[in-house]
Amino acid sequence: MTLKIKNPGLATSIQDLGRIGYFHLGIPIGGAMDRYALRAANMLVGNDEGAACLEAVFMGPEIEFTETATVAVTGAELPIKVDGEIQDSWSSFVVKAGQTLSFGFLQSGARIYIAVSGGITTPEALGSRSTYPIGALGGVEGRAIQAGDELPTGGTQGAGAGRTVADSLRRKPDTPARLRVLPGLYWHRLTDEAGAAFFEDEWKVAPEADRMGYRFKGGRPLEFVDREQPFGAGADPSNIVDGCYSYGSIQVPGGTEPIVLHRDAVSGGGYFTLGAIISADMDLIGQLQPHTPVKFEKVDMDQSLAARRDRKAMLERIRQDLS
Amino acid sequence: MKTRYTFGGDEHVYVEIDDEMSLDAFFKSLSMSNAVRDAKIEGVTEICPANASFQVRFDPDVISPNEIMAKVMELEHKAESAEKRLTTRIVEIPVYYKDPWTHETLMRFRERHQDPSGTDLDYAAKINGFENADDFIEAHHSQPWFVSMVGFVAGLPFLYQLVEREKQLQVPKYLSPRTDTPKQTVGYGGCFSCIYSVRGAGGYQMFGVTPMPIYDPEQKVAHLKDFMVFFKPGDIVKWKPIDRTEYDEILAAVEDGTYVPRIAEVEFDLDDFNADMSGTNAKMLEALNDA
């Protein structure tokens with residue numbers, strides 16, 4: 001069974017749950033930006049939760065199916081069509097051999113996950129099918145999909161139509177989006193006033209927002225504690241001796257525009273980081289469009305772990321509903 | 001040196017050995033991250049050593065943040081007593097300084113540079129007190145370098161020169177990062193040199209380009225058959241200046257699969273090095289010349 005790509009959309013790529021263990025060489029974990037949505041899509045069609053799906057941003061692709069399969073689309077909201085007929089999101093449906101899956105204009109969110117029964121079975125690179133274009137790894141020849149590509153799938157019939165994720169379990173960002181932050185790393189570089197302003201101000205997602213990182217603008221510039229810069233760090237007060245970056249860590253070059261590193265993060269560099277987005281909120285970032293208002297919310301470690309448990313419990317409920 | 005422990009969100013322990021760069025800080029961070037690896041702590045998923053710091057990624061569903069933090073802290077004394085000695089390799093990397101491709105790129109991004117009137121090399125020479133770019137290039141390649149971190153993007157090495165601190169070259173990064181850097185550009189930022197393993201964004205000053213691939217996911221070239229990434233922390237590098245003719249010859253050899261980099265195995269002992277830097281370097285360069 002193959003998926004014939006008639007129109008690739010904007011930047012549609014093959015993603016799974018990523019490749020662990022190569023960040024020390026600068027190769028990031030990658031994988032779905034919204035892992036919750038990817039897992040849900042796979043569960044709906046009867047796949048392993050980590051099977052490779054298509055991640056499409058802002059715009060859906062157009063795909064012809066060579067054989068019949070179960071399909072589900074989760075994440076962002078946009079009209080889903082099979083030969084023009086509208087289908088429900090966060091629900092399984094069947095696409096028959098010869099039919100075409102296509103999409104209307106984006107209504108909310110930023111990224112959709114398209115799961116196909118059997119999963120996409122392009123070759124693995126370092127243990128994952130996730131596409132990492134900077135390193136030309138995974139996906140189709142290490143790149144986003146293009147018109148004319150024929151993507152192999154596991155070719156199973158899947159779980160069939162009519163399975164659905166309850167409304168209350170479809171996780172979406174609030175307005176303004178709330179992103180919880182655990183202060184740490186180089187937080188001490190900020191003055192108390194700057195640290196407070198970071199959480200008080202409303203920020204907006206900047207146009208520079210992709211799989212590597214999301215940039216934010218609109219808050220007050222951050223002031224640094226005065227110091228003589230350490231040897232090797234560089235002259236700007238936002239510089240440090242190049243170190244590792246955490247996934248979700250927030251750097252603020254020059255103190256002006258925070259950047260949250262995401263799944264295709266650079267593994268290190270010379271900018272101070274003030275802490276990191278908690279693991280439970282990383283998925284939400286993947287659903288933010290440019291210009292979305294955002295509030296950063298300060299939490300402690302216990303709150304971070306509680307949020308992580310909540311998210312796991314939601315996934316567990318989907319698992320039970322669909323088992 | 002005062003070690004600082006902190007969390008990066010709920011999935012990372014971050015350990016800063018020192019806020020300034022030194023080989024002592026590097027060796028301690030390498031020893032400590034090795035000790036964490038050897039301890040095989042359940043729930044640890046990635047260990048990333050850096051110049052003067054390191055990071056441990058863990059799964060908080062398997063090990064609690066406080067527990068992993070305590071385990072990492074316990075390993076500090078082990079790293080302090082570890083030998084500051086490495087069996088490693090010295091690698092000759094050919095560099096075509098003042099090449100046409102980085103020149104084209106640096107001219108394209110001139111408005112983002114501290115000194116739009118000259119080149120990156122002219123600027124680096126001037127602020128480090130050299131008469132001209134050629135004297136600066138001489139200082140850049142005459143003494144070897146130490147790979148103190150691999151990362152940023154796939155397989156990119158950060159290198160620290162094996163000379164006294166007063167002889168260290170220091171150059172700021174671009175005022176605003178470029179959106180383009182040619183593949184295999186030899187760059188410079190802070191006290192670090194680097195080789196851009198792939199084409200892409202970058203903020204380091206650009207001095208030249210090497211024809212030797214250091215990252216290849218298809219593993220076509222001979223020296224990347226074992227693994228797609230060439231460098232690892234602890235490697236030692238000697239830049240070798242080459243001209244356009246040599247550049248083209250090496251490139252042709254790379255393309256037909258016959259290129260073999262010059263490499264020699266060496267011992268590097270930090271105490272010996274600190275006691276006699278030029279003597280230690282001379283011995284390593286001799287080993288390289290004999291290879």
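In this text, all values refer to a predicted model and were calculated from it rather than measured experimentally.

Asks: Help me understand the overall build of chain B in this model?
Replies: From N to C terminus, chain B includes nine helices and 12 strands. In terms of overall dimensions, chain B is globule-like: its C-alpha atoms have a radius of gyration of 20 Å, near the 19 Å expected for 291 residues. Expressed as lengths along the three principal axes of its C-alpha atoms, the size of chain B is roughly 55 × 45 × 40 Å. Across the 291 residues that make up chain B, the buried fraction comes to 60%. For chain B, restricting intrachain contacts to residue pairs at least 6 apart in sequence, the fraction spanning at least 24 positions comes to 65%. The positive charge centre, built from 30 side chains, and the negative charge centre, built from 49, are 2 Å apart in chain B.

Asks: Help me out: how do you make sense of the overall build of chain A in this one?
Replies: Tallying secondary structure elements over chain A gives four helices and 20 strands in all. Against the globule reference of 20 Å for 323 residues, chain A gives a C-alpha radius of gyration of 20 Å, in line with a compact fold. Its C-alpha atoms put chain A at 65 × 40 × 30 Å along the principal axes. In chain A, which comprises 323 residues, the share counted as buried stands at 62%. Considering only contacts in chain A between residues 6 or more positions apart, those separated by 24 or more positions represent 75%. Charge centroids of chain A, computed over 32 positive and 40 negative side chains, lie 3 Å from each other.

Asks: Would you explain the sheet that holds strand 5 (residues 69-77) of chain A in this entry?
Replies: Whether parallel or antiparallel, the strands of a sheet pair through hydrogen bonds between backbone atoms. Residue and element names in this part refer to chain A. Strand order in the open sheet formed by five strands is 2-3-10-5-8, and the pairing between neighbours is antiparallel. Edge strands, defined here as strands with exactly one partner in the open sheet, are strand 2 (13-15) and strand 8 (92-95). Looking at each pair of strands side by side, their axes are set apart by 35° on average, direction ignored. Alignment of strand 2 against strand 3 (residues 53-57), held across three bridges, turns out to be antiparallel. Its bridge partner lying in strand 3, I14 is registered against L54. Running at roughly 155° to strand 5, helix 1 (residues 35-45) makes contact with strand 2, strand 3, strand 5, strand 8 and strand 10 (108-116) of the sheet.

Asks: Would you explain the domain arrangement of chain B in this entry?
Replies: Interfaces are often sized by the accessible area lost when the parts come together. Residue and element names in this part refer to chain B. According to the domain assignment, chain B contains domain 1 (4-82) and domain 2 (87-289). Distance from the C-alpha centre of domain 1 to the C-alpha centre of domain 2: 28 Å. Taken together, the contact between domain 1 and domain 2 spans 11 residues of the former and 16 residues of the latter. Of all residues in domain 1, the largest losses of buried area upon contact with domain 2 belong to M21, L23 and N51, amounting jointly to 50% of the total for that side. Between the two partners, domain 1 and domain 2, sit one salt bridge.

Asks: Sorry if this is basic, but what is going on with the interface of chain A and chain B here?
Replies: Contact with chain A, which involves 44 residues of that partner, is made by 53 residues of chain B. Surface buried jointly by chain A and chain B totals about 4,000 Å² across both partners, of which 61% is contributed by carbon and sulfur atoms. The interface formed by chain A and chain B includes five salt bridges. At the boundary of chain A and chain B, one finds 23 residue pairs in polar contact (both at pLDDT 80 or more). Elements represented by at least two residues in the side of chain A that touches chain B include exactly strand 15 (239-244), strand 18 (268-271) and helix 4 (301-322) of chain A. The dominant element in the side of chain A that touches chain B, judged by the number of residues it contributes, is helix 4 of chain A, at five residues. In the side of chain A that touches chain B, the residues fall into 25 nonpolar, 15 polar and four charged.

Asks: Can you walk me through the pairing of strand 11 (residues 236-241) of chain B in this structure?
Replies: Remember that side chains alternate between the two faces of the sheet whenever the strand is regular. Of the strand pairs in this sheet, strand 5 (residues 85-97) of chain B and strand 11 of chain B are connected by six bridges, and their pairing is parallel. Bridge pairing in strand 11 of chain B links V91 of chain B to V237 of chain B.

Asks: Teacher, can you tell me more about the sheet that holds strand 7 (residues 85-87) of chain A here?
Replies: All names here are of chain A. The strand order across the open sheet built from six strands is 7-6-9-4-1-11, with neighbouring strands paired in antiparallel fashion. Every other strand in the sheet has two partners, leaving strand 7 and strand 11 (150-152) as the edge strands with one partner each. With strand direction ignored, the average angle separating the axes of adjacent strands in the sheet is 30°. Looking at chain direction, strand 6 (residues 80-82) and strand 9 (residues 100-103) are connected through three bridges and run antiparallel.

Asks: Can you walk me through the packing of aromatic side chains in this structure?
Replies: To describe a pair of aromatic rings, one takes the distance between the centres and the angle between the planes. All told, the structure shown has 28 aromatic pairs over all chains when counted by the stated rule. With a centroid separation of 4.3 Å and 20° between ring planes, the pair formed by F23 of chain A and Y247 of chain A is classed as stacked. Note that F23 of chain A is positioned in the loop between strand 2 and helix 1 and Y247 of chain A in the loop between strand 15 and strand 16 (249-251), a separation of 224 residues in sequence. An identical accessibility class is assigned to F23 of chain A and Y247 of chain A; each is buried. Geometrically, the ring pair formed by F158 of chain B and Y204 of chain B is edge-to-face, given 6.2 Å between the ring centres and 80° between the ring planes. Separated by 46 residues along the polypeptide, F158 of chain B in strand 7 (residues 157-161) and Y204 of chain B in the loop between strand 9 (192-195) and strand 10 (205-209) bring together distant segments of the chain.

Asks: Mind showing me how you'd approach the domain arrangement of chain A here?
Replies: Residue and element names in this part refer to chain A. Taken as a whole, chain A is organised into domain 1 (2-169) and domain 2 (177-313). Between the C-alpha centres of domain 1 and domain 2 the distance comes to 29 Å. With 26 residues of domain 1 in contact, the opposing surface of domain 2 contributes 20 residues. When the two sides are added together, the surface that domain 1 and domain 2 hide from each other amounts to roughly 1,800 Å², 54% of it contributed by carbon and sulfur. Counting the surface domain 1 buries against domain 2, the share from its top three residues, F23, M33 and R111, is 36%. Here R211 makes a salt bridge to E55, at a shortest N to O gap of 2.8 Å. At the boundary of domain 1 with domain 2, the tally comes to 15 residue pairs in polar contact (both at pLDDT 80 or more). Residue assignment for the side of domain 1 that touches domain 2 shows that the elements contributing at least two residues are helix 1, strand 5 and strand 10.

Asks: Help me understand the nonpolar core in this model?
Replies: Soluble, globular proteins show a tendency: their nonpolar side chains are buried together. Counting 171 residues, the largest nonpolar core has F296 of chain A together with V72, W239 and F268 of chain B as the members making the most contacts within it. Leaving out residues up to four positions away in the same chain, W239 of chain B has contacts with I93, V95, Y97, H140, H141, W145, L159, V186, S193 and I195 of chain B. Counting 27 residues, the second largest nonpolar core, distinct from the first, contains V82, F93, I145 and L151 of chain A.

Asks: Explanation requested: the confidence of the model for chain B in the structure shown.
Replies: Model confidence for chain B is summarised by a mean pLDDT of 95, while 100% of its residues fall at 70 or above. Model confidence for the complex: the whole-complex pTM is 0.95, and ipTM, which rates the interface, is 0.97.

Asks: Can you walk me through helix 2 (residues 65-74) of chain B in this structure?
Replies: Spacing of three or four residues puts side chains on the same side of an α-helix, whose turn is 3.6 residues. Residue and element names in this part refer to chain B. All of the buried residues in helix 2 are P65, I68, M69 and V72. Along the axis of helix 2, the buried positions cluster into a sector of 100°, meaning they face one direction only. Facing away from the buried side of helix 2, by more than 90 degrees, are the exposed residues N66 and E74.

Calculation criteria
- Residues numbered from 1 in each chain as written.
- Chains lettered and ligands numbered in written order.
- Predicted model: local features only at pLDDT ≥ 70, side-chain atom pairs only at ≥ 80, totals over all residues.
- Heavy atoms only, no water.
- Helix = DSSP H or I, 4+ residues; strand = E, 2+ residues; numbered from the N terminus.
- Rg over C-alpha atoms; globule rule 2.2 N^0.38 Å.
- Buried < 20%, exposed > 50% of the residue type's maximum accessible area, 1.4 Å probe, protein only.
- Contact = heavy atoms within 4.5 Å.
- Lys, Arg positive; Asp, Glu negative; His and termini not counted.
- Charge placed at Lys NZ, Arg CZ, Asp CG, Glu CD.
- Pairing = 2+ DSSP bridges.
- Axes fitted to C-alpha atoms, helices over the stretch in contact; angles between N-to-C directions.
- Domains from an automatic or database assignment.
- Buried area = accessible area lost by both parts, 1.4 Å probe.
- Salt bridge = Lys/Arg side-chain N within 4 Å of Asp/Glu carboxyl O.
- Polar contact = N/O pair within 3.5 Å; in protein donor to acceptor, adjacent residues only side chain to side chain.
- Nonpolar A, V, L, I, M, F, W, Y, C, P; charged D, E, K, R; others polar.
- Phe/Tyr/Trp six-rings, centres within 6.5 Å; stacked < 30°, edge-to-face > 60°.
- Core = buried A, V, L, I, M, F, W, Y, C linked by side-chain atoms within 4.5 Å.
- pLDDT = per-residue confidence, 0-100.
- Arc of directions from axis to C-beta.

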